[in-house]
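Chain residues, written in single-letter form:
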Amino acid sequence: MRILYIILYFISFVSADHNMKKCGMFVENQNRDWDDYRPSLTDSYETHDGYFMIHFDRAGVDAVSSSDSDGDGIPNYVEEVEEAAVHSKNLLLDMGYLSPIDDGNGVYDIYILDMDAGYYGVNWPDEFIQNASFVVIDNEYESADYGDISGLGAMKVTVAHEFFHAVQRSYIDFQPNG
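Residues numbered from 1 in each chain as written. Predicted model: local features only at pLDDT ≥ 70, side-chain atom pairs only at ≥ 80, totals over all residues. Heavy atoms only, no water.

## Brief notes about the sheet that holds strand 5 (residues 133-138)
Pairing between the strands of a sheet comes from backbone hydrogen bonds, and it takes one of two forms, parallel or antiparallel.
Logical step 1: Spatial ordering of the open sheet is given by 1-2-3-5-4, a layout of five strands whose pairing is mixed. Each edge of the open sheet is held by one strand with a lone partner, namely strand 1 (43-46) and strand 4 (121-125). Within this sheet the neighbouring strands show an average axis-to-axis angle of 20 degrees, counted without direction.
Logical step 2: Where helix 2 (residues 76-94) meets the sheet, it contacts strand 1, strand 2 (52-56), strand 3 (108-113) and strand 5, and its direction lies at approximately 150 degrees from that of strand 2.
Logical step 3: Running over the sheet, helix 4 (residues 151-169) touches strand 2, strand 3, strand 4 and strand 5 and is turned about 20 degrees from strand 4. (Pairing = 2+ DSSP bridges. Helix = DSSP H or I, 4+ residues; strand = E, 2+ residues; numbered from the N terminus. Axes fitted to C-alpha atoms, helices over the stretch in contact; angles between N-to-C directions. Contact = heavy atoms within 4.5 Å.)

Here it is in structure tokens:
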């Protein structure tokens, strides 16, 4: 039942006109708010399974909350992003989907920024490796900007949704061997 819900959510999220702003996939060619190829953030955290690198700031407009209930030096929000990303990856790959195209460094990158109100996340194409990509999500999903779908729930759905776009990109121009 969970899988059916996820599939239906993905379909409804991208097909509804009123949701077009929530997912930045269709506006990926707009001007980015950063000057470099990818956002430049102060901290990075590699997930325990080694599959994801989560980039974040501890200060400034893009900062995540400093709450760290287990005292390990990694903010709770970053650990929640890790949990959502690893769970999404395991679910999709266990269902038989292809793994996203590697961008050359062996990990899939997730950047946490303060996004414009209403934008939940975006899956940006890599500029150098065909069909590779990275994900950008919001740093807090505050209810004033996101309304009825906010907080950790919004983050978890967004991570799954944007990671699925990375999986979709792996099928573009896919040529099976033989």
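There is more to say, and it comes next.
## Description of helix 2
Residue pairs three or four apart in sequence face the same way in an α-helix, which turns once every 3.6 residues.
Logical step 1: Across its 19 residues, helix 2 extends 27 Å between first and last C-alpha, which sits within 8% of the 27 Å expected from 1.5 Å per residue.
Logical step 2: By the burial criterion, the buried members of helix 2 are Tyr77, Val78, Glu79, Val81, Glu82, Ala84, Ala85, Val86, Ser88, Lys89, Leu91 and Leu92.
Logical step 3: In the segment just after helix 2, Gly96 is the residue with positive phi, at about 100 degrees. (Expected span 1.5 Å × (residues − 1). Buried < 20%, exposed > 50% of the residue type's maximum accessible area, 1.4 Å probe, protein only.)

## Section: unusual backbone geometry
Logical step 1: Located in the positive-phi region is Asn131, a residue other than glycine, with phi close to 75 degrees.
Logical step 2: Checked against the element boundaries, Asn131 lands in the loop between strand 4 and strand 5.
Logical step 3: A residue is classified by how much of its surface remains accessible, and Asn131, at 17% relative accessible area, is buried.

## Comments concerning the pairing of strand 4
Logical step 1: Of all five residues that make up strand 4, four are buried, and the element is covered over most of its length.
Logical step 2: Note: strand 4 against strand 5, five bridges, orientation antiparallel. Pairing of Asn123 across the sheet is with Val135, part of strand 5.

## A closer look at the pairing of strand 3
Logical step 1: Of all six residues that make up strand 3, six are buried, and the element is covered over most of its length.
Logical step 2: The alternating pattern of strand 3 places Tyr108, Ile110 and Ile112 and Asp109, Tyr111 and Leu113 on opposite faces, both of which are buried.
Logical step 3: Two elements, strand 2 and strand 3, share four bridges in a ladder whose sense is parallel. Each residue of the ladder has a partner; that of His55, found in strand 3, is Tyr111.
Logical step 4: Following the chain from strand 2 across helix 2 to the adjacent parallel strand 3, one finds a crossover that is left-handed.
Logical step 5: Bridge count between strand 3 and strand 5: four bridges; the pairing is parallel. (Right-handed = clockwise from strand over helix to strand, strands pointing away.)

## Digging into the nonpolar core
Logical step 1: Judged by nonpolar contacts, the single largest core of 28 residues is most densely connected at Val81, Ile110, Ile112 and Ile137.
Logical step 2: Elements supplying a minimum of two residues to this core: strand 2, helix 2, strand 3, strand 5 and helix 4.
Logical step 3: With residues up to four places along the chain from it excluded, the contact list for Ile137 reads Tyr77, Val81, Ile110, Tyr111, Ile112, Leu113, Met115, Tyr120, Gly121, Met155, Thr158 and Val159.
Logical step 4: Counting nine residues, the second largest nonpolar core, distinct from the first, contains Tyr111, Met115, Trp124 and Phe134. (Core = buried A, V, L, I, M, F, W, Y, C linked by side-chain atoms within 4.5 Å.)

## Observations regarding the environment of Leu41
Logical step 1: Along the chain, the position of Leu41 falls in the loop between helix 1 (2-15) and strand 1.
Logical step 2: A residue is classified by how much of its surface remains accessible, and Leu41, at 17% relative accessible area, is buried.
Logical step 3: With 14 residues separating them along the chain, Leu41 and His55 place their C-alpha atoms 6.2 Å apart.
Logical step 4: Dropping the residues within four chain positions of it, Leu41 is found in contact with His55, Phe56, Asp57, Asp62, Tyr111, Ile112 and Leu113.

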